[in-house]
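For reference, the chains in residue letters:
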Amino acid sequence: MSDPPVVAANMTPLSRRLFNPSLHGILSPMRAVLIFALFGLTLCDRDETATGYGAADRGWVLSELDGRTFAAHATLSFPAQGAVAGEGPCNRFSGTLAVPYPWFDIGQLMSTSRACPDANAETAYFSALQAMTEIEISGALLVLRNAEGREMVFTASD
């Protein structure tokens, strides 16, 4: 003979029914755990990086760096979940972005190493890009910023 299910006196009538394993067709604690685990797995598929918040499938052109017009041509794109790529004034680059939106933290950047007639603009772009910690996407505008007050403003190129 099995022991009767333990039901706490302070449980509501609904929680008594949901977690009472002797009632068929009602959630047992094990069933509840499995359902919540499966529900959680479906949430894991969601892209929480910038690509999932409007940055994907667009090219972004740098228009301002720290409040001043950026005269050289530099781009940024998010070709896949967790990936970032683009072009500085001279060299192309790619890297990883593994933090959830609105945070921005580029992992190890890999870039080409072409000769650069505008080395100052190239250096300014890459150092600013790696210093950014936050991203905001609003329509055709993408803004990167950090706690020190630095800011990069990109506009959609399409």
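Rules used throughout
- Residues numbered from 1 in each chain as written.
- Predicted model: local features only at pLDDT ≥ 70, side-chain atom pairs only at ≥ 80, totals over all residues.
- Heavy atoms only, no water.
- Helix = DSSP H or I, 4+ residues; strand = E, 2+ residues; numbered from the N terminus.
- Expected span 1.5 Å × (residues − 1).
- Buried < 20%, exposed > 50% of the residue type's maximum accessible area, 1.4 Å probe, protein only.
- Arc of directions from axis to C-beta.
- Contact = heavy atoms within 4.5 Å.
- Phe/Tyr/Trp six-rings, centres within 6.5 Å; stacked < 30°, edge-to-face > 60°.
- Core = buried A, V, L, I, M, F, W, Y, C linked by side-chain atoms within 4.5 Å.
- Pairing = 2+ DSSP bridges.

Visitor: Looking at this structure, I do not really get helix α3 (residues 119-131). What am I missing?
Guide: Count 3.6 residues to each turn of an α-helix, and residues three or four apart come out pointing the same way. Here α3 contains 13 residues, and its C-alpha end-to-end distance of 18 Å stays within 8% of the 18 Å for a straight helix at 1.5 Å per residue. Taken together, the buried positions of α3 are occupied by Ala121, Glu122, Tyr125, Phe126, Ala128 and Leu129. Along the axis of α3, the buried residues cluster in a sector spanning 165°; they form a single face. Opposite the packed face of α3, turned more than 90 degrees from it, sit the exposed residues Asn120 and Thr123. Considering only its buried residues, α3 is in contact with β1 (59-65), β3 (75-77), β4 (83-87), β5 (92-96), β8 (141-145) and β9 (151-156).

Visitor: Explanation requested: the packing of aromatic side chains in the structure shown.
Guide: Aromatic rings in a pair are described by how distant their centres are and how their planes are angled relative to each other. Applying the stated rule across the entire model yields four aromatic pairs. Centroid distance Phe70 to Tyr125: 6.4 Å. Interplanar angle 40°. Geometry classified as tilted. Here the residue Phe70 occupies a position in the loop between β2 (68-69) and β3, and Tyr125 occupies one in helix α3, the gap between them amounting to 55 residues. The two residues Phe70 and Tyr125 agree in class, both being buried. Through pairs of rings, three or more aromatic residues link up here, namely Phe70, Phe93, Tyr125 and Phe126.

Visitor: When you look at the nonpolar core in this model, what are you seeing that I'm missing?
Guide: Note on soluble globular proteins: their nonpolar side chains tend to be buried together. Within the largest apolar cluster, 29 residues are counted, with the highest numbers of intra-cluster contacts made by Leu76, Phe78, Tyr125, Leu142, Leu144 and Met152. Ranked by residue count, the leading element in this core is α3, at five residues. Not counting residues up to four positions away in its chain, the partners in contact with Met152 are Leu62, Glu64, Leu65, Tyr125, Ala128, Leu129, Met132, Leu142, Val143 and Leu144.

Visitor: What's the story with the pairing of β9 in this structure? I'm lost.
Guide: Side chains on a regular strand alternate between the two faces of the sheet. Pairing geometry for β1 and β9, over five bridges, is antiparallel. If you follow Leu62 over to β9, its bridge partner there is Phe154. Pairing of β8 with β9, which is carried by five bridges, proceeds in the antiparallel orientation. Counterpart to Leu142 in the pairing with β9 is Phe154. Hairpin connection between β8 and β9: a loop of five residues separates the two successive antiparallel strands, and Gly149 in this loop has a positive phi of roughly 95°.

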